[in-house]
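# Summary of the model geometry
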Amino acid sequence: RYSFNETYHAMVLSFKILMPSNDIRDKNELVDLTDDLLRISRKNGLLALDNEAVPHSFYQHGIRMLVDGYSKELVRQSLIEENKLFVERVNTSAGVFSSIGGAAPAFGMIGTLVGLIQMLSNLSDPSSIGPAMAVAMLTTLYGAMIANLFALPMADKMNTWVLEESLRQLLIIEALTAIREGQNPSMMRELLSPYLEQTTTAQDGGVTE
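Quick caveat: nothing in here was measured; it's all calculated off a predicted structure.

What counts, and where the lines are drawn
- Residues numbered from 1 in each chain as written.
- Predicted model: local features only at pLDDT ≥ 70, side-chain atom pairs only at ≥ 80, totals over all residues.
- Heavy atoms only, no water.
- Helix = DSSP H or I, 4+ residues; strand = E, 2+ residues; numbered from the N terminus.
- Buried < 20%, exposed > 50% of the residue type's maximum accessible area, 1.4 Å probe, protein only.
- Lys, Arg positive; Asp, Glu negative; His and termini not counted.
- Charge placed at Lys NZ, Arg CZ, Asp CG, Glu CD.
- Polar contact = N/O pair within 3.5 Å; in protein donor to acceptor, adjacent residues only side chain to side chain.
- Contact = heavy atoms within 4.5 Å.
- 1 Å grid on protein atoms, 1.4 Å probe; cavity = no way out; pocket = protein on both sides within 12 Å on 5 of 7 lines; lining within 4 Å.
- Points joined across faces, edges and corners; volume = space filled by probe spheres on them.
- Nonpolar A, V, L, I, M, F, W, Y, C, P; charged D, E, K, R; others polar.
- Salt bridge = Lys/Arg side-chain N within 4 Å of Asp/Glu carboxyl O.

## Brief notes about the overall build of the protein
Looking only at helices and strands, one finds 6 helices and 0 strands in the protein. Reading the secondary structure of the protein in the N-to-C direction produces α-α-α-α-α-α. Along the longest, intermediate and shortest principal axes, the C-alpha atoms of the protein span 90 × 30 × 30 Å. Buried positions account for 38% of the 209 residues belonging to the protein. Across the protein, the centroid of the 16 positively charged side chains sits 3 Å from that of the 24 negatively charged ones.

This is the structure in C-alpha cells:
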C-alpha cells in the first residue's frame with residue numbers, strides 16, 4: 001500500500017515521537033519566548049536575534065529567515081507550505097501503521113489456518129494435535145497483539161501528535177510575523193491568545209492570509 005520510503009519514514013517518525021524532545025511543547029512558553037525575542041528585535045534590530053538560543057527547530061528556522069532578511073510575506077508563505085507538507089507526511093505515516101494494524105490480524109488468521117491444516121492432516125497421530133493447535137492459537141494472538149498493542153495505538157498517537165505540533169507551528173508562524181512587523185508585545189500576546197485557548201484542532205490547510 002505504501003512505498004519503501006514512506007514505510008521507512010513512518011518507522012523513523014515513531015521513534016521520534018516516542019523519544020524525549022528538546023523542542024518547547026508548552027504554547028505559553030512559546031508566547032513568552034516570542035515576547036523576549038520581540039523586545040530584543042525592537043531594541044537592537046532583527047540581526048540581534050542571531051545570537052539568541054531558540055529551543056524549537058521550526059521556530060529556529062523561521063528566525064534564521066528573518067535574520068537573513070527575508071520579507072514577511074516570504075517567511076510566512078514558506079513556513080505555511082512547510083507546515084502543510086509536515087501534516088501530509090505525518091498523516092501518511094499514520095496510514096502506514098493503520099494498514100499494519102488492519103493486516104496483522106488477517107495474517108494471524110492465516111497462521112491459524114496453517115495450524116489447523118497441520119492438525120487435520122495428522123489426526124492419526126494424537127501427539128501432533130497439541131503442537132499444531134498451539135501454532136493455530138498463537139498466530140492469532142500475535143496478530144491481535146501487533147495490531148492492538150502497537151500499530152493501531154501508534155497510528156492514533158501520530159494523529160494526535162500531528163494536530164498538536166501543527167498548532168504549535170501555526171502559532172510560531174504568527175509569532176514570527178509579529179516579530180518581523182515589530183509589534184507591541186501586548187498586541188502580540190493578544191493576537192496569539194486564541195492559540196492558547198484551542199485544543200488539538202489544527203486545521204488541515206494551515207493558516208489563511
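And the narrative resumes.
## A short note on the side chain of threonine 112
Relative to the helices and strands, threonine 112 is located in helix H4 (residues 72–121). The exposure class of threonine 112 is buried, given its relative accessible area of 7%. In this structure the side chain of threonine 112 is engaged in a polar contact, spanning 2.7 Å, whose partner is the backbone oxygen of alanine 136. Beyond its immediate chain neighbours, meaning those up to four positions away, threonine 112 contacts Ala136, Met137, Thr139 and Thr140.

## Comments concerning the layout of surface pockets
Looking at the largest pocket, its volume works out to about 260 Å³. The wall of the largest pocket is formed by 15 residues, among which Lys16, Asp23, Ser57, Glu165 and Gln169 lie closest to the centre. For the lining of the largest pocket, the secondary-structure elements that each account for two or more residues are helix H1 (4–18), helix H3 (57–67), H4 and helix H5 (126–181). When grouped by side-chain class, the residues that make up the lining of the largest pocket number 4 nonpolar, 5 polar and 6 charged.

## As for the pattern of salt bridges
Under the criterion given, the structure shown has 11 salt bridges. For arginine 39, the salt bridge goes to aspartate 35, with nearest N and O atoms at 2.5 Å. Note that arginine 39 and aspartate 35 are positioned in helix H2 (residues 27–44) at a spacing of 4 residues, about one turn of the helix. The exposure class assigned to arginine 39 is partly exposed, which follows from its relative accessible area of 48%. Residues lysine 72 and glutamate 181 are paired through a salt bridge, measuring 2.9 Å at the closest nitrogen-oxygen approach. Here the residue lysine 72 occupies a position in helix H4, and glutamate 181 occupies one in helix H5, the gap between them amounting to 109 residues. Looking at lysine 72, the relative accessible area reads 28%, which means it is partly exposed. In this structure glutamate 181 comes out as partly exposed when scored by relative accessible area, which is 40%. Because the salt bridges share partners, they merge into one network encompassing Asp32, Asp35, Arg39 and Arg189.

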